[in-house]
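Per-entry structural report
Residue strings, one per chain:
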Amino acid sequence: IFAGSFAMIDFLDPGFILIIACAVGVILVSALSKVVPTNNPLPPEIVDAQSTVHWTSAIVMPLVGSTILVLCLYFLSSMMIVMTISFSCISCVSIFSLMYVVLPHTPEFNKKLFRLPLLGAEVTVRTLLSGLIAGAMLATWFLRPYWYMSNVIALCLCWFMMQCTSLPNLKIASLLLAALFVYDIFWVFYSKPIFGKNVMVTVATSLRLPMLLEFPRLFGDRAVMLGLGDIVFPGIVICYTLKIDLHLHNLRLTPPTVDLVPMATAPDVQHKDAAVMDATVTPGGSTSWLGVWREASYMQTAMAGYLVGLVVAYAAVTIMNHPQPALLYLVPLTLGPPLVRSLPRHHLGLLWNGV
């Protein structure tokens, strides 16, 4: 959902500019941090929990989301407790993981302090500091739930979810976004005649949780809001396009051997029959985000489409004077440009079926 104020001057409002910058920025950071080599990987427990979206997940997600919306509408007080506990746990893990990656990877920070008696896990200086920072941020948000603290936690959640979720191909991505496309449109536009109120807007504004980005406006009273799903789901598609970009680049650097066979759907691309080259190898072995970005043509296209989609969604809010399902604009403008760009390159099969 994308909601906000209703005047054309809002396109110059710092709140609008900041929410666009945060959405695009967290996707860019998440995508690049998944592929650029680093000395600070995610905690092993988090790596083990990483999952790939399959067709069943793509169908179940909107159904689960719909069930939660209805429960929140009719049992708000009870669901508030459940949702607060759930979001607190996930937020704590998200902040901990981000701090674990950000803190220096040095002998001093990796020094072992003690072992947890029940879990048997070793606690280092880095894990202890990460946990303390996560706990302090959550405690601050509970005591003073200001919009800026909620936004920081929400961005950590977005980064974490994009780190832990991946797509096998654009076929599954299209199914997932199409299902969420229908979900978003129904609950924003068509829920009021059935339930008596706009369920999506009612729940999003009633649950004071870090489940959306919210910035106050300089030129008005109402805040600009963007749901986390409008960042995470297009974001994992953009992460997938970067994986394809690096896969294509690495294959261009691979000298031909007898193990290489041509792809039927991409005559100018070759890949190993037994094992596809790891897409996390960056161009030329570069550890620079800028070096990766220069090679990421499909990611650049998808990111540009996503940016345009956000602007169009906000323009629709302004013109129609009504909150908009952002995925109505983000889905076609995120999926469409990479697909169109792949046609003259003969990469449609590669994008659609995966590597």
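This text goes with the structure placed above it.
Below: a short report on this structure. These numbers come from a predicted model, not from an experiment.

With that settled, the discussion passes to the nonpolar core. Ranked by size, the top nonpolar core spans 83 residues in total, and within it L167, I231 and Y306 carry the most contacts. Among the elements that make up this core, the one with the highest residue count is helix 10 (residues 229-253) (12 residues). Excluding residues that lie within four positions of it along the chain, I231 makes contacts with A23, V26, I27, C158, M162, L213, L226 and Y306.

The next point concerns the packing of helix 5 (residues 125-143) against helix 6 (residues 147-164). Between helix 5 and helix 6, whose axes approach to 9 Å, the crossing angle comes to 140°. Comparing the axis directions of helix 5 and helix 6 gives the class oblique. Viewed along their axes, helix 5 and helix 6 form a crossing whose handedness is left-handed. Every residue of helix 6 that contacts helix 5 at M137, L138, T140 and W141 is listed here: M149, S150, V152 and I153. A class-by-class count of the residues in the contact of helix 5 with helix 6 yields six nonpolar, two polar and no charged.

Here we take up the pairing of strand 6 (residues 212-215). By the alternation rule, side chains of strand 6 split into L212 and E214 and L213 and F215, which are all buried. Note: strand 6 against strand 7 (residues 224-227), four bridges, orientation antiparallel. Across the sheet, F215 pairs through a bridge with V224, a residue of strand 7.

On to a nonpolar patch on the surface, then. A surface patch of nonpolar side chains, about 490 Å² in accessible area, is lined by L113, F114, L116, L128, L129 and L132. Secondary-structure elements contributing two or more residues to the nonpolar patch are strand 3 (112-115) and helix 5. With three residues, helix 5 is the single largest residue contributor to the nonpolar patch. Structurally, L132 is set in helix 5.

The rules behind these values
Residues numbered from 1 in each chain as written. Predicted model: local features only at pLDDT ≥ 70, side-chain atom pairs only at ≥ 80, totals over all residues. Heavy atoms only, no water. Core = buried A, V, L, I, M, F, W, Y, C linked by side-chain atoms within 4.5 Å. Buried < 20%, exposed > 50% of the residue type's maximum accessible area, 1.4 Å probe, protein only. Helix = DSSP H or I, 4+ residues; strand = E, 2+ residues; numbered from the N terminus. Contact = heavy atoms within 4.5 Å. Axes fitted to C-alpha atoms, helices over the stretch in contact; angles between N-to-C directions. Parallel < 35°, antiparallel > 145°, perpendicular 65-115°, else oblique. Left-handed = near helix turned anticlockwise from the far one by under 90°. Nonpolar A, V, L, I, M, F, W, Y, C, P; charged D, E, K, R; others polar. Pairing = 2+ DSSP bridges. Patch = residues over 30% accessible without salt bridge, like charges linked within 9 Å, V, L, I, M, F, W, Y side chains within 5 Å. Areas by Shrake-Rupley, 256 points an atom, 1.4 Å probe, with all protein chains shown as cover. Salt bridge = Lys/Arg side-chain N within 4 Å of Asp/Glu carboxyl O.

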